[in-house]
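# Coordinates in review
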There are 2 protein chains.
Amino acid sequence: MTPERYRRIRQMLAMRQPDLTVCLERVHKPHNLAAMMRNCDAAGAHHVHVVWNTRHEIRTGTSVGAQNWLKLHSHKSTADALASLKTQGMQVLVTHLSEQAVDFRRIDYTRPTAIWFGQERTGATPEAVAAADQQIIIPMLGMTQSLNVSVAGALILYEAQRQRQLAGLYNQPRLEEAECQRILFEGGYP
Amino acid sequence: MTPERYRRIRQMLAMRQPDLTVCLERVHKPHNLAAMMRNCDAAGAHHVHVVWNTRHEIRTGTSVGAQNWLKLHSHKSTADALASLKTQGMQVLVTHLSEQAVDFRRIDYTRPTAIWFGQERTGATPEAVAAADQQIIIPMLGMTQSLNVSVAGALILYEAQRQRQLAGLYNQPRLEEAECQRILFEGGYP
Ligand SMILES: C[S@@+](CC[C@H](N)C(=O)[O-])C[C@H]1O[C@@H](n2cnc3c(N)ncnc32)[C@H](O)[C@@H]1O
Ligand SMILES: C[S@@+](CC[C@H](N)C(=O)[O-])C[C@H]1O[C@@H](n2cnc3c(N)ncnc32)[C@H](O)[C@@H]1O
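From a predicted model like this one, the values you see are computed outputs, not experimental measurements. (Residues numbered from 1 in each chain as written. Chains lettered and ligands numbered in written order. Predicted model: local features only at pLDDT ≥ 70, side-chain atom pairs only at ≥ 80, totals over all residues. Heavy atoms only, no water.)

The helix and strand tally for chain A stands at seven helices and seven strands. Overall, chain A shows an N-to-C arrangement of helices and strands of α-β-α-β-α-β-α-β-β-β-α-β-α-α. Relative to its length of 190 residues, chain A is compact, with a C-alpha radius of gyration of 16 Å against a globular reference of 16 Å. Along the first, second and third principal axes, the C-alpha set of chain A runs to 50 × 35 × 35 Å. Every one of the 190 residues in chain A was classed for burial, and the buried ones make up 55%. Here chain A displays about 8,500 Å² of accessible surface, and carbon together with sulfur accounts for 50% of that area. Averaging the coordinates of the 21 positive side-chain charges in chain A and doing the same for the 17 negative ones gives two points 4 Å apart. (Helix = DSSP H or I, 4+ residues; strand = E, 2+ residues; numbered from the N terminus. Rg over C-alpha atoms; globule rule 2.2 N^0.38 Å. Buried < 20%, exposed > 50% of the residue type's maximum accessible area, 1.4 Å probe, protein only. Areas by Shrake-Rupley, 256 points an atom, 1.4 Å probe, with all protein chains shown as cover. Lys, Arg positive; Asp, Glu negative; His and termini not counted. Charge placed at Lys NZ, Arg CZ, Asp CG, Glu CD.)

Here you go:
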């Protein structure tokens, strides 16, 4: 690995947010998974949770390799994923098109946060909606009911990124060194 | 058409922004075109310009019908599209991953604005970049070079929407009545 590449990766790792994460519940279209990985990488959300066996689909998608720079966590069930996030003390925000949902811009994302996204057709499961700490929504002014899931992901992640930048959370390294070493080892020698 | 549906469409039309538009230069993947139409509808950007014969692809995409609520303008060439936008007095902002590009959050979108997006693989053409008033970029903190085009579109359109809401531009109808009648006629009887 060249010194330039090492520095580039270190610089990226120094901005990773271990406590800003997403969970993709049965999101299955490869292009959506690939786009969401790029969103996470771009906003510095390091840990990505997926419910069900989507890892295979992530690998076969039109991905530009963003998943190589992230840490993927596969869960067999919604309950498993929820338990994992709650054990880590995350606030779980489920994106949901309901009356109870709060405008996504009114949320404090500087807290340890998991943003939960639902399947392309059916959305988040009732189980996830019930267990979440809060339902959030991106207001829409038109006739269509919902946005594309990776589009919704980007809007929320960039709002989180904006808030965290203002709060200084990108000013010093926060990802644990063991994970940095893993990424350097696996991503450094392509 | 039921009175409820009429009211719903009228309400949507009352928030349409005739002077916030996008131009999709050779964007060709149906799922990206469909997602971008949903973005425009959701943010109230009424006029959508496309360069090249993508209208067919828009119709065959996994669209949820957002394009029925928008006004599409097809152009045969980049030059034609640019001329059309400039004649209307729009500032043309080209999304471009360059050193000269300005952070998209530092732009004033309350002015008549056209946001120009490039093809999935190759980006905006040199011709479009050269002719634009300004290059804009969404900063990325990770290793991947670019975002999905519909994702980039949503981030910029929602920033424009936020600024225009603050400026009161959604407080009274702005779309011309003839276009409202067309939409009511074509969209009101599905
Ligand atoms: C196409 S939507 C699913 C629509 C589904 N019919 C429903 O009612 O939930 C797929 C996912 O995108 C996200 N999403 C789409 N539009 C959203 C919005 N306006 N606000 C928040 N999340 C949204 C959510 O994660 C949702 O589960
Ligand atoms: C996948 S990108 C094209 C990448 C191409 N290799 C290039 O260098 O332009 C497709 C389109 O998405 C938009 N886009 C993607 N990432 C962007 C970013 N970070 N800032 C602004 N626009 C972006 C632009 O419209 C771009 O033309």
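Time to look at the pattern of salt bridges. The full count for this structure, using the stated rule, is 18 salt bridges over all chains. With a shortest N-O distance of 2.9 Å, Asp19(B) and Arg174(B) are connected by a salt bridge. Taken as a pair, Asp19(B) in the loop between helix H1 (3-13) and strand E1 (20-25) and Arg174(B) in the loop between helix H6 (149-166) and helix H7 (177-188) lie far apart in primary sequence, 155 residues in all. Of the residues examined, Arg174(B) reaches a relative accessible area of 28% and is grouped as partly exposed. Within this structure, Asp19(A), Arg164(A) and Arg174(A) form a network of salt bridges that share partners. (Salt bridge = Lys/Arg side-chain N within 4 Å of Asp/Glu carboxyl O.)

All names here are of chain B. Within the element layout of this structure, glutamine 163 appears in helix H6. Looking at glutamine 163, the relative accessible area reads 13%, which means it is buried. In this structure, glutamine 163 is in contact with Arg105, Ile107, Asp108, Tyr109 and Thr110, ignoring residues within four places of it in sequence. (Contact = heavy atoms within 4.5 Å.)

Time to look at the nonpolar core. Among the nonpolar cores identified, the biggest contains 69 residues, and Leu24(A) and Leu24(B) are the most heavily contacted of them. Beyond its immediate sequence surroundings of up to four residues, Leu24(A) is in contact with Leu33(A), Met36(A), Met37(A), Val48(A), His49(A), Val50(A), Val51(A) and Phe117(A). (Core = buried A, V, L, I, M, F, W, Y, C linked by side-chain atoms within 4.5 Å.)

Next up on the list: the site of ligand 2. Residues in contact with ligand 2 amount to 18 residues; listed here are only the nearest, Thr95(B), Gly118(B), Glu120(B), Ile138(B) and Leu147(B). Proximal residues around ligand 2 fall on chains A and B, making this an inter-chain site. A distance of 2.5 Å separates an oxygen atom of ligand 2 from a polar atom in the side chain of Thr95(B). Here a nitrogen atom of ligand 2 sits 2.9 Å away from a polar atom, N or O, in the main chain of Ile138(B). Protein burial of ligand 2: of its 570 Å² of free accessible surface, 86% is covered by the chains. Looking at the shell around ligand 2 residue by residue, the classes come out as nine nonpolar, six polar and three charged. (Near = heavy atom within 4 Å. Polar contact = N/O pair within 3.5 Å; in protein donor to acceptor, adjacent residues only side chain to side chain. Nonpolar A, V, L, I, M, F, W, Y, C, P; charged D, E, K, R; others polar.)

Moving on, we get to the interface of chain B and chain A. How big an interface is tends to be reported as the loss of accessible area on association of its parts. At the interface, 36 residues of chain B touch 35 residues of chain A. Of the roughly 3,200 Å² buried between chain B and chain A, counting both surfaces, carbon and sulfur atoms make up 62%. Together, Leu141(B), Met143(B) and Tyr158(B) form the three largest contributors to the area buried by chain B at its contact with chain A, with a combined 26%. Counting every contact that joins chain B to chain A gives zero salt bridges. Viewed at the interface, chain A and chain B are joined by 19 residue pairs in polar contact (both at pLDDT 80 or more). Per-class residue counts for the side of chain B that touches chain A are 20 nonpolar, eight polar and eight charged. (Buried area = accessible area lost by both parts, 1.4 Å probe.)

Close contacts around ligand 1 come from 18 residues, with Thr95(A), Gly118(A), Glu120(A), Ile138(A) and Leu147(A) the closest. More than one chain reaches ligand 1: the nearby residues come from chains A and B. Taking Arg121(A), its main chain carries an N or O atom lying 3.2 Å from a nitrogen atom of ligand 1. Leu147(A) has a polar backbone atom sitting 2.9 Å from a nitrogen atom of ligand 1. For ligand 1, whose free accessible area comes to 570 Å², the fraction covered by protein is 86%. For the shell around ligand 1, the residue count by class is nine nonpolar, six polar and three charged.

Time to look at the sheet that holds strand E3 (residues 71-75) of chain A. Residue and element names in this part refer to chain A. Across the sheet, which stays open at both edges, the seven strands sit in the order E3-E2-E1-E6-E4-E7-E5 with parallel pairing between neighbours. Of all the strands in the sheet, the pair left with one neighbour each is E3 and strand E5 (102-103). With three bridges joining them, strand E4 (residues 91-95) and strand E7 (residues 134-137) adopt parallel strand pairing. Counted as the bridge partner of valine 94 is glutamine 135 from E7. Across the sheet, helix H6 (residues 149-166) is in contact with strand E1 (20-25), E4, strand E6 (113-117) and E7; its angle to E6 comes to roughly 165°. (Pairing = 2+ DSSP bridges. Axes fitted to C-alpha atoms, helices over the stretch in contact; angles between N-to-C directions.)

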